[in-house]
Amino acid sequence: MAPNILSPLRTVSALVATSALLAACATGGTPLVAPDVAPPSAEPAPLNGDYSWFFGQEGDQLQLLYGVANSDDVPLSMACRSRSGQIEVSMASATAAPAIIHLASATQSRAYAAKAEEAGVFDGYILSAKTTPDDPVLQDLVAHGWLAMLDGNRWVGLRGDSELRDHTTRFLAGCKR
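Residues numbered from 1 in each chain as written. Predicted model: local features only at pLDDT ≥ 70, side-chain atom pairs only at ≥ 80, totals over all residues. Heavy atoms only, no water.

Student: Can you help me understand unusual backbone geometry in this one?
Tutor: Note: most peptide bonds trans; most residues except glycine with negative phi. Going from A97 to P98, the amide bond is cis rather than trans, its omega being 0°. With respect to the secondary-structure elements, P98 resides in the loop between β4 (87–93) and β5 (100–104). The backbone of N70 sits at a positive phi, close to 55°, despite the residue not being glycine. With respect to the helices and strands, the residue N70 is situated in the loop between β2 (61–68) and β3 (76–81). A relative accessible area of 48% places N70 in the partly exposed class. (Helix = DSSP H or I, 4+ residues; strand = E, 2+ residues; numbered from the N terminus. Buried < 20%, exposed > 50% of the residue type's maximum accessible area, 1.4 Å probe, protein only.)

Student: I tried to follow the packing of aromatic side chains on my own but got confused; where do I start?
Tutor: In this description, a pair of aromatic rings is defined by centroid distance and the angle of the planes. For the structure shown, the criterion picks out two aromatic pairs. Relative to Y66, the ring of Y51 has its centre 5.7 Å away and its plane inclined at 15°; by these criteria the two rings are stacked. Of the two residues, Y51 is situated in strand β1 (residues 51–58) and Y66 in strand β2; the sequence distance between them amounts to 15 residues. Three or more aromatic residues joined by ring pairs form one cluster here, namely Y51, W53 and Y66. (Phe/Tyr/Trp six-rings, centres within 6.5 Å; stacked < 30°, edge-to-face > 60°.)

Student: What exactly am I supposed to notice about the layout of surface pockets here?
Tutor: If a probe as big as a water molecule is rolled over the atoms, it shows which places are left empty. If you add up the space inside the second largest pocket, you get close to 240 Å³. Lining the second largest pocket are M91, S93, A94, T95, A97, P98, I100, H102, L127, L150, D151 and G152. When grouped by side-chain class, the residues that make up the lining of the second largest pocket number seven nonpolar, four polar and one charged. (1 Å grid on protein atoms, 1.4 Å probe; cavity = no way out; pocket = protein on both sides within 12 Å on 5 of 7 lines; lining within 4 Å. Points joined across faces, edges and corners; volume = space filled by probe spheres on them. Nonpolar A, V, L, I, M, F, W, Y, C, P; charged D, E, K, R; others polar.)

Student: Before we go on, may I ask you to explain the side chain of S90 in this structure?
Tutor: Relative to the elements of secondary structure, S90 occurs in strand β4. Take S90: its relative accessible area is 4%, and that puts it in the buried class. In this structure the side chain of S90 is engaged in a polar contact, spanning 3.1 Å, whose partner is the side chain of S128. (Polar contact = N/O pair within 3.5 Å; in protein donor to acceptor, adjacent residues only side chain to side chain.)

Student: What exactly am I supposed to notice about helix α2 (residues 136–144) here?
Tutor: V137, L138, D140, L141 and V142 are the residues of α2 that are buried. Downstream of α2 by a residue or two, G145 has a phi angle that is positive, lying close to 80°.

Student: Please clarify how the sheet that holds strand β9 (residues 146–151) should be interpreted in this entry.
Tutor: Two modes of strand pairing occur in sheets, parallel and antiparallel, and in both the strands are linked by backbone hydrogen bonds. Strand order in this open sheet of four strands is β6-β5-β9-β10, and the pairing throughout is antiparallel. Across the chains shown, the open sheet's two edge strands, defined by having one partner strand only, are β6 (109–113) and β10 (154–159). Neighbour-to-neighbour, the strand axes of this sheet turn through a mean angle of 25°, independent of strand direction. Note: β5 against β6, five bridges, orientation antiparallel. Counterpart to I100 in the pairing with β6 is A113. (Pairing = 2+ DSSP bridges. Axes fitted to C-alpha atoms, helices over the stretch in contact; angles between N-to-C directions.)

Student: I would appreciate a short explanation of the pairing of β4 in the present structure.
Tutor: Most of β4 sits out of view: six of its seven residues are buried. Note: β3 against β4, four bridges, orientation antiparallel. What sits directly across from A79, in β4, is E88. With antiparallel pairing between neighbouring strands as the criterion, β3 and β4 make up a hairpin whose turn holds five residues, including R83 at a positive phi of roughly 60°. Bridge analysis of β4 against strand β8 (residues 125–131) gives seven bridges, and the strand direction is antiparallel. Bridge pairing in β8 places S93 opposite Y125.

Student: Is there a simple way to think about the pairing of β9 in this case?
Tutor: Regular strands show a simple pattern: their side chains alternate between the two faces of the sheet. Counting buried residues along β9, five of its six residues qualify, which places the element largely inside the surrounding structure. Looking at chain direction, β5 and β9 are connected through two bridges and run antiparallel. What sits directly across from L103, in β9, is M149. For β9 and β10, the ladder comprises six bridges, and the chain directions are antiparallel. The partner of L147 across the bridge, within β10, is L158. Linking two consecutive strands that pair antiparallel, namely β9 and β10, is a turn of two residues; a positive phi of about 70° is found at G152 within it.

This is how it looks when you write it as structure tokens:
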């Protein structure tokens with residue numbers, strides 16, 4: 001059974017929810033130009049220490065988080081209200097500009113216009129962007145079991161354990177209208 005990470009992540013969850021409200025007016029989910037850094041290869045990302053993917057649900061709020069269990073170390077999170085058709089993608093960033101979240105999978109790569117807000121709980125910013133459950137990058141996460149995010153000028157692999165496919169499928173199905 002996966003550890004319950006919702007309780008220790010209340011601060012991060014509140015930041016994600018606040019970012020979702022603030023980013024509601026931002027243009028999101030629209031592919032932008034590709035970054036100058038080539039996306040990772042189609043090979044699976046290596047496991048990254050104690051990091052993994054976790055699914056959580058509180059009421060009508062669903063989350064898919066990549067981080068360390070029972071900690072506030074969550075470099076990438078996705079949240080939605082059940083059946084809303086909208087997903088808020090958030091990541092930590094050292095800088096506010098450019099406010100773009102770059103995600104890649106085995107066969108897809110996209111850049112999302114984001115809103116940058118000061119994190120408050122750490123030095124840096126939280127970038128937030130919108131997408132949908134039908135996003136090809138997220139669908140590819142289900143199919144191939146990993147994502148990569150651009151952090152500065154390097155791609156960071158986000159690979160999960162054997163439960164990732166189930167977590168992602170439940171999350172995307174719960175977010176669909």
